[in-house]
Amino acid sequence: FVASNGNSYNKNSIMEGGIYFFSLTVFLFALSKIYWLSLILIMLAGMGMVTYFSSCTTLIQSSVDDSIRGRVMGIWALIFGGVIPIGSMLTGIYAQKFGLPATVQMSPFICPIFTFTLSAMDKKQNLKLEIKEQYVTIDELTDLTKQDVR
């Protein structure tokens with residue numbers, strides 16, 4: 001699914017959609033009391049998570065220079081592998097304090113909040129870069145006019 005989009009610009013929205021879909025299905029899973037429905041919901045949550053991770057990995061690999069791709073993916077693996085145990089520990093602490101159903105119902109709200117925040121920060125940064133690329137500074141204009149005069 002992710003690879004079929006090629007070099008399109010909507011990979012970021014696929015990544016965000018995957019995490020939102022994951023969060024929604026985990027929340028519905030937490031509310032479900034029907035066994036077969038719970039199985040379907042947790043399978044759909046897995047699909048959302050796989051969509052997120054595969055699109056995230058694709059974005060990282062396609063936006064990095066070939067000479068440093070291995071190092072960047074090593075850091076990505078380190079972060080990915082190092083953050084999951086921290087989240088698991090926090091989930092265990094919350095489950096012990098509030099109970100498992102409340103923890104599972106609360107957990108899906110954390111993912112979209114972070115995703116929305118990081119997405120907003122990324123869009124703001126991209127907007128700054130676009131503005132910087134589109135406009136020429138006064139110093140550059142001065143240099144250009146000096147070259148034309150010569």
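Given the structure is predicted, the values throughout are model-derived calculations rather than measurements.

J.: Looking at this structure, how should I read the overall build of the chain?
T.: Secondary structure summary: the chain contains five helices and zero strands in total. What you see in the chain, going N to C, is helices and strands ordered as α-α-α-α-α. Relative to its 150 residues, the chain shows a buried fraction of 19%. Considering only residue pairs separated by 6 or more positions, the chain has 61% of its internal contacts joining residues 24 or more positions apart. Surface exposure of the chain reaches about 11200 Å², of which carbon and sulfur atoms provide 69%.

J.: Got a minute to help me understand the nonpolar core in this structure?
T.: Generally speaking, nonpolar side chains in soluble globular proteins are found buried as a group. By size, the foremost hydrophobic cluster in this structure holds six residues: M15, C56, I60, V64, M73 and W76. Mapped by element, the contributors of at least two residues to this core are α2 (35-62) and α3 (69-98).

J.: Could you clarify how one ought to interpret a nonpolar patch on the surface in this entry?
T.: The grouping of F21, I34, W36, L37, I40, M43 and M47 at the surface amounts to a nonpolar patch, some 660 Å² of accessible area in total. For the nonpolar patch, the element with the highest residue contribution is α2, accounting for five residues. Among the secondary structure elements, W36 is positioned in helix α2.

J.: Please clarify how the packing of aromatic side chains should be interpreted in this entry.
T.: Following the criterion strictly, the structure yields three aromatic pairs and no others. Ring geometry for F27 versus F109: centroids 5.3 Å apart, planes at 65 degrees, classification edge-to-face. Linking F27 in helix α1 (residues 11-31) with F109 in helix α4 (residues 100-134), this pair joins segments that are 82 residues apart in sequence.

J.: Is there a simple way to explain the side chain of S23 in this structure?
T.: Inspection of the secondary structure puts S23 in helix α1. In this structure S23 touches P108, C111 and P112, once residues within four positions along its chain are discounted.

J.: Help me understand the packing of α2 against α3 in this model?
T.: The description of two packed helices rests on the angle between their axes and on the distance between the axes. Between α2 and α3, whose axes approach to 10 Å, the crossing angle comes to 150 degrees. With respect to α3, the element α2 is oriented roughly antiparallel. In this structure, α2 meets α3 at a crossing whose hand is right-handed. Contacts from F53, C56, T57, I60 and Q61 of α2 reach α3 at R69, V72, M73, W76 and F80. Classifying every residue of the contact of α2 with α3 by side-chain character gives seven nonpolar, two polar and one charged.

J.: Please explain α3 as it appears in this structure.
T.: In an α-helix, one full turn covers 3.6 residues, which means residues spaced three or four apart are oriented alike. Its 30 residues place the ends of α3 42 Å apart at the C-alpha level, agreeing with the 44 Å of an ideal helix rising 1.5 Å per residue. One or two steps after α3, the chain reaches G99, where phi turns positive at roughly 100 degrees.

J.: Even after reading the chapter, I still don't get α2, so can you show me in this structure?
T.: Helix length check: α2 (28 residues) gives 41 Å between terminal C-alpha atoms against 40 Å at 1.5 Å per residue, within 8%. Residues of α2 that are buried: S38, L41, A45, G48, T51, S55, C56 and I60.

J.: Looking at this model, I keep getting lost on the pattern of salt bridges. Mind explaining?
T.: Side-chain pairs of opposite charge can arise where the charged atoms are in close proximity. Under the criterion given, the structure shown has one salt bridge. A salt bridge links D66 to R69; the shortest N-O distance between them is 2.8 Å. Look at D66 and you get exposed, because its relative accessible area is 59%. Look at R69 and you get partly exposed, because its relative accessible area is 28%.

J.: Is there a simple way to explain the confidence of the model for the chain in this structure?
T.: Low-pLDDT stretches of the model should not have their predicted coordinates read in fine detail. For the chain, the average pLDDT comes to 77, and 73% of its residues sit at 70 or higher. The secondary structure element of the chain with the lowest average pLDDT is helix α5 (residues 138-149), at 51, and the one with the highest is α2, at 89. For the stretch residues 129-133, pLDDT sits under 50, and the model shows zero contacts to residues farther than four places along the chain or on other chains.

Cut-offs applied
- Residues numbered from 1 in each chain as written.
- Predicted model: local features only at pLDDT ≥ 70, side-chain atom pairs only at ≥ 80, totals over all residues.
- Heavy atoms only, no water.
- Helix = DSSP H or I, 4+ residues; strand = E, 2+ residues; numbered from the N terminus.
- Buried < 20%, exposed > 50% of the residue type's maximum accessible area, 1.4 Å probe, protein only.
- Contact = heavy atoms within 4.5 Å.
- Areas by Shrake-Rupley, 256 points an atom, 1.4 Å probe, with all protein chains shown as cover.
- Core = buried A, V, L, I, M, F, W, Y, C linked by side-chain atoms within 4.5 Å.
- Patch = residues over 30% accessible without salt bridge, like charges linked within 9 Å, V, L, I, M, F, W, Y side chains within 5 Å.
- Salt bridge = Lys/Arg side-chain N within 4 Å of Asp/Glu carboxyl O.
- Phe/Tyr/Trp six-rings, centres within 6.5 Å; stacked < 30°, edge-to-face > 60°.
- Axes fitted to C-alpha atoms, helices over the stretch in contact; angles between N-to-C directions.
- Parallel < 35°, antiparallel > 145°, perpendicular 65-115°, else oblique.
- Left-handed = near helix turned anticlockwise from the far one by under 90°.
- Nonpolar A, V, L, I, M, F, W, Y, C, P; charged D, E, K, R; others polar.
- Expected span 1.5 Å × (residues − 1).
- pLDDT = per-residue confidence, 0-100.

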